[in-house]
Amino acid sequence: WKFVVCDLIDAQNQRVVELDFDFFDTINAFAVSATLPPQFSDLRYLTSLSIQTVNMTAQLYPEYSILTDLKELNLNNIQLTGILPPQYSTLTKLELFGVAFNKISGSFPIQWSNLESLNILFTSDNFISGSLPQQFSTLSNIFSLSSSYNALTGTLPQEYSTMQDMINFDAFLNALTGTLPQTFSTMSLISEI
């Protein structure tokens, strides 16, 4: 199949490791209609689940938290609803988490502060509320955090200045208050705030 990648266990057996249904290049992407099933959690060796720009009925299922080999969860622009599951804190190999251009609500789970492999957190254009958790300052490998066009409140945590690999930090068009913390000046790689 064009959208499924398997690895070879032996001459007779394979297992699914990637599902990639990206319809950016499809002229009529929203003509495709589907449901994101919670049963994807049965694909225990899945390292990448990427579904983008398609008309779906979907939510972020807590069941996906057992996919502990997952490195990429990229579900942008597919009409996702629901909340960001705290259970995803078990996905410690996760490098990319993208759910932009959806209808996600609720707040960022503090439990996600242990996603030590996370490089990219892309949650723009949703209905995420609450504050940016100070605890996310422990995400030392993150280099891009984009959460613009949400309903975030509070101030930018000065603790984020410890994220020395940060290149891109987007949080505009929220209800954030205050000024840019002076400690952000120590973030030498950052090119966009």
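Look up a bit, the structure's there.
The text that follows walks through the structure, step by step, so that each part is easy to find. (Residues numbered from 1 in each chain as written. Predicted model: local features only at pLDDT ≥ 70, side-chain atom pairs only at ≥ 80, totals over all residues. Heavy atoms only, no water.)

**Side note on the environment of proline 109**
- Counting through the fold element by element, proline 109 comes out in the loop between β9 (103-106) and β10 (120-122).
- In this structure proline 109 comes out as buried when scored by relative accessible area, which is 5%.
- Separated by 104 residues in the primary sequence, proline 109 and valine 5 have C-alpha atoms spaced 31 Å apart.
- In this structure, proline 109 is in contact with Leu84, Pro85, Pro86 and Phe136, ignoring residues within four places of it in sequence. (Helix = DSSP H or I, 4+ residues; strand = E, 2+ residues; numbered from the N terminus. Buried < 20%, exposed > 50% of the residue type's maximum accessible area, 1.4 Å probe, protein only. Contact = heavy atoms within 4.5 Å.)

**Some details on the pairing of strand β5 (residues 55-59)**
- Only one face of β5 is buried, namely the one carrying Met56 and Ala58, since none of Asn55, Thr57 and Gln59 on the opposite face is buried.
- Direction of pairing for β5 relative to strand β7 (residues 80-83): parallel, over a ladder of 2 bridges. In the strand pairing of β7, glutamine 59 is matched with threonine 81. (Pairing = 2+ DSSP bridges.)

**A closer look at unusual backbone geometry**
- For glutamine 79, which is not glycine, the phi torsion reads 70 degrees and is therefore positive.
- Residue position: glutamine 79 is located in the loop between β6 (72-74) and β7.

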